[in-house]
Amino acid sequence: MPRLSAVMLAWRDEPLLVDAVQAVLASQEIDVDVVVVDNGCTSDAVGVLRGLPGVTVIDPGANLGFAGGCNEGARAATGEYVAFVNGDAVVEPDALARMVDLAAEPDVGLVTASVRLYDEPETVNTVGNPVHFTGLSWAGGLGDDAAGHASERDVASASGAATVCRLDRFRELGGFCEEMFAYCEDTDLSLRSWQRGWRVVFTPEAVVRHRYEFSRNPEKFFLLQRNRWFMVLTLYSPAMLVWALPPMIALELATTAIAIRDGWVRHLLRAWVWLLRHPGAIARRRRRARAAVRRPDREVARLLTGDLDPRVPGLQVPAPARAVSRGYWSIARRLV
């Protein structure tokens, strides 16, 4: 049977972690082990799992973030395939095997699952994440009936809640971007997979229940803003930047007004200060990323959407603005 190592992070309380790990270990049709990375778990979950057959616990001694924690776990992986499964996500018995089936195809880089809401298993959490050309991304299909997403298809981005990749391919991609720490790292990895010539695929046959909650906090605002710009500045081709930057600047002005109104403008400024203080890191990563591109940039541009539909309360975009964005990108992406 295919061998797979599942990397799962433990951070803060993690009330579902033991159940989530046991669900992975109960996976059918694959030989599976679990690598748990303790990013600062405050409950007894890691202690319960430590010493359990098939489980390896890594104690880095600090919170490495999602990106660093996943990379640390992947370095300890021994399977031919690696899965990244959230500590609050419970896989169905055949989910990982179905994802491995697709990941084995020579042109596939990442496989993402049909992630459902934990308490509403027929309702979508994400079926692959759309990526707006400004770098924004969100849970695709959130709130939809899962029956309406019953077909396998290519998607712009996998969801970090449940993703499978060949381990050698993940390492060739360089893993998750550790400078990002958390947020946007799954989008960044997915776009790099596409640029390398490997597809990102959604499979409805792999069902995962996820205790999803969209959180708002100042640190998240900082990371989202910084990482979105860092990703775009390092991955996009010069032509894509020419067309993406003017709307990104306009969006930044609107975001600044919201940040001032809601009291988190200091964290927005932190993001800009970080970017302005690290031009060397941006330039170095851009050189590495662009040197690895194998797929024409126009094809990558077609994967990105011009629509803005995050479906999160309080983040709705007015219909006229959405229409303008769609129209702009439908023209711009043809000129890349």
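Scroll up to find the structure this text is about.
Just so we're clear, the structure is a prediction, and the values are computed from it rather than from any experiment. (Residues numbered from 1 in each chain as written. Predicted model: local features only at pLDDT ≥ 70, side-chain atom pairs only at ≥ 80, totals over all residues. Heavy atoms only, no water.)

Tell me what's going on with the layout of surface pockets, and back it up with residues and numbers.
In this structure, the second largest pocket spans a volume of roughly 260 Å³. Taken together, 14 residues line the second largest pocket, and the ones lying closest to its centre are Leu 173, Gly 174, Arg 192, Arg 285 and Arg 288. If you list the elements that add at least two residues to the lining of the second largest pocket, you get α5 (167-173), α6 (185-196) and α10 (279-291). Each residue belonging to the lining of the second largest pocket can be placed in one class, and the counts come to five nonpolar, three polar and six charged. (1 Å grid on protein atoms, 1.4 Å probe; cavity = no way out; pocket = protein on both sides within 12 Å on 5 of 7 lines; lining within 4 Å. Points joined across faces, edges and corners; volume = space filled by probe spheres on them. Helix = DSSP H or I, 4+ residues; strand = E, 2+ residues; numbered from the N terminus. Nonpolar A, V, L, I, M, F, W, Y, C, P; charged D, E, K, R; others polar.)

Explain helix α12 (residues 319-332) to me, using residue names and the numbers behind them.
Taking 1.5 Å as the rise per residue, α12 with 14 residues should run 20 Å; its terminal C-alpha atoms sit 20 Å apart, in good agreement. For α12, the complete set of buried residues consists of Ser 325, Trp 329 and Ala 332. On an axial view of α12, the arc spanned by its buried residues comes to 60°, and they lie on one face. With respect to the buried face of α12, the exposed residues turned more than 90 degrees away are Ala 319, Pro 320, Val 324 and Ile 331. Along its buried surface, α12 packs onto α8 (238-262) and α11 (297-303). (Expected span 1.5 Å × (residues − 1). Buried < 20%, exposed > 50% of the residue type's maximum accessible area, 1.4 Å probe, protein only. Arc of directions from axis to C-beta. Contact = heavy atoms within 4.5 Å.)

Help me get a handle on the side chain of Asp 38, residues and values and all.
Relative to the assigned elements, Asp 38 resides in strand β2 (residues 31-41). Although Asp 38 lies buried, it forms no salt bridge, and the closest oppositely charged side chain, Arg 50, sits 4.8 Å away as judged by the N-O distance. From its side chain, Asp 38 meets the backbone nitrogen of Gly 40 in a polar contact 2.9 Å long. When near neighbours in sequence (up to four residues on either side) are disregarded, Asp 38 contacts Ala 10, Val 46, Ile 58, Asp 59, Pro 60 and Ala 62. (Lys, Arg positive; Asp, Glu negative; His and termini not counted. Salt bridge = Lys/Arg side-chain N within 4 Å of Asp/Glu carboxyl O. Polar contact = N/O pair within 3.5 Å; in protein donor to acceptor, adjacent residues only side chain to side chain.)

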